[in-house]
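Descriptive structure summary
Next come the chains, spelled out residue by residue.
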Amino acid sequence: MGRIIILKIGGSVITEKDKPLTPRLEGIRSAAEAVAEFGEPLVLVHGAGSFGHFLAKKYGLSRHPSMASPEAVAEIRDSVMKLDSMVIEALRSKGVQVYWLQPFALYNIGGIHEKWKTILTNLIQQGISPISFGDVIPTSEGFRIISGDEIVRDLAELLHPVRVVFAMDVDGIYRNYRKDERPIEELSIEEAKRLAVDPVKIDVTGGMEGKLKEAIKIARIGINVHFTNGLKKEHLIKALKGKDHEGTLVKGKLLA
Ligand code: IP8
């Protein structure tokens, strides 16, 4: 069985987070190049950045299901799909072949459907990178935002990858971003839990805090989680290889 690595390309890498509906073209290109140069198929998930969070906030949608207007849902979906096409196009232009996965279709009640384990593993074995993204999805109680970070965690639980990489617009996790020069090299699950990270207020799915929470859940099933800078190609390639990189490793440890 081919080894599986999951990469989350953060919304801050592929969009200008403070400017609504603005792609970060050099970030999209650099992440696509890193994936291409790494050379192995990956399970890819990307965030929505300013193509999702501004609109979600505007229409009052969050991770909890609520009733939303059809216009709101259609507008958010349309917007994240535009970003998704740009990411897919950049990847394909660098020679990375992807298979697009509708986030909603992955889910069954209670999590990702077991059947996807074989399907996703087969895609990887055939040299194709499945790709999904943070989205707005229907539930029995209305619509909700599903974060790419949440999809990554659910995929990690299903697929037990050799590692998970979160690519962001900073080098890693910092104790104090403004004061520290370098991010923390390694965090145990306990240390990660103690670390207070400022949630970015515009991010309806929890920003850095949300990422760290999902990383802790992944590390608890024994999987190493790497945080790295997706705007720095060499950093990202090293993280994908699981080598010492300039980012932060949350050390996986199987907890009963
Ligand atoms: O950027 C959020 O996904 P994320 C999706 O991965 C929307 O948290 C539509 C805001």
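Residues numbered from 1 in each chain as written. Predicted model: local features only at pLDDT ≥ 70, side-chain atom pairs only at ≥ 80, totals over all residues. Heavy atoms only, no water.

1. Considerations on unusual backbone geometry
Look at L21: it is not a glycine, yet its phi comes out positive at around 55°. Within the secondary structure layout, L21 lies in the loop between α1 (11-14) and α2 (25-38). Accessibility expressed as a relative area gives 45% for L21, which makes it partly exposed. Not every positive phi belongs to a glycine, and H160 is a case in point at roughly 45°. Note that H160 resides in the loop between α7 (148-159) and β9 (163-168). (Helix = DSSP H or I, 4+ residues; strand = E, 2+ residues; numbered from the N terminus. Buried < 20%, exposed > 50% of the residue type's maximum accessible area, 1.4 Å probe, protein only.)

2. With respect to the packing of aromatic side chains
For the coordinates displayed, the defined rule picks out two aromatic pairs. When the ring of F166 is compared with that of F227, the centres are 5.2 Å apart and the planes differ by 15°; the resulting orientation is stacked. Within this pair, whereas F166 is found in strand β9, its partner F227 is found in strand β11 (residues 224-229), the two being separated by 61 residues in sequence. Judged by its relative accessible area of 0%, F227 is buried. (Phe/Tyr/Trp six-rings, centres within 6.5 Å; stacked < 30°, edge-to-face > 60°.)

3. A look at the side chain of S30
Looking at the secondary structure, you find S30 in helix α2. When residues no more than four places from it in sequence are discounted, the contact partners of S30 are G230, L231, K232 and K233. (Contact = heavy atoms within 4.5 Å.)

4. Some remarks on the nonpolar core
L155, V164 and F227 are the most contacted members of the largest nonpolar core, which totals 40 residues. Put simply, the parts of the chain that give this core at least two residues each are β2 (43-46), α6 (115-125), α7, β9, α8 (189-194), α9 (207-219) and β11. In this structure, F227 is in contact with F166, M168, D171, G172, I173, K211, L212, A215, H245, G247, T248 and V250, ignoring residues within four places of it in sequence. Membership of the second largest hydrophobic core comes to 28 residues, among which are L7, I28, L44 and A167. (Core = buried A, V, L, I, M, F, W, Y, C linked by side-chain atoms within 4.5 Å.)

5. Remarks on the layout of surface pockets
What the second largest pocket holds in volume is close to 340 Å³. Lining the second largest pocket we find 17 residues, and of these Y107, N108, I109, G110 and T139 sit closest to its centre. For the lining of the second largest pocket, the secondary-structure elements that each account for two or more residues are β4 (107-108), β7 (135-139), β8 (142-146) and α7. Here the residues of the lining of the second largest pocket are counted per class, giving seven nonpolar, five polar and five charged. (1 Å grid on protein atoms, 1.4 Å probe; cavity = no way out; pocket = protein on both sides within 12 Å on 5 of 7 lines; lining within 4 Å. Points joined across faces, edges and corners; volume = space filled by probe spheres on them. Nonpolar A, V, L, I, M, F, W, Y, C, P; charged D, E, K, R; others polar.)

6. A closer look at the sheet that holds strand β3 (residues 98-100)
Read from one edge of the open sheet, eight strands run β3-β6-β2-β1-β9-β11-β12-β10, paired in mixed fashion. Every interior strand has two partners, whereas the edge strands, β3 and β10 (186-187), have only one. Looking at chain direction, β2 and strand β6 (residues 129-133) are connected through three bridges and run parallel. Paired with L44 across the bridge in β6 is I131. (Pairing = 2+ DSSP bridges.)

7. A look at a negative patch on the surface
Together, E185, E186, E190, E191 and D244 make up a region of like negative charge exposed at the surface. Structurally, D244 is set in the loop between α10 (233-241) and β12 (248-250). (Patch = residues over 30% accessible without salt bridge, like charges linked within 9 Å, V, L, I, M, F, W, Y side chains within 5 Å. Areas by Shrake-Rupley, 256 points an atom, 1.4 Å probe, with all protein chains shown as cover. Salt bridge = Lys/Arg side-chain N within 4 Å of Asp/Glu carboxyl O. Lys, Arg positive; Asp, Glu negative; His and termini not counted. Charge placed at Lys NZ, Arg CZ, Asp CG, Glu CD.)

8. Observations regarding the environment of I145
Following the sequence through the fold, I145 ends up in strand β8. Judged by relative accessible area, which is 7%, I145 ranks as buried. For the pair I145 and H53, spaced 92 residues apart in the sequence, the C-alpha separation amounts to 9.3 Å.

9. A word on the packing of α7 against α9
Following both chains from N to C, one finds α7 and α9 inclined at 5°, their axes separated by 9 Å at the closest point. With respect to α9, the element α7 is oriented roughly parallel. Residues D149, E150, V152, R153 and A156 of α7 form the contact with α9, whose participating residues are G207, G210, K211, E214, K217 and I218. (Axes fitted to C-alpha atoms, helices over the stretch in contact; angles between N-to-C directions. Parallel < 35°, antiparallel > 145°, perpendicular 65-115°, else oblique.)

The values are spatial; any link to function lies outside them.
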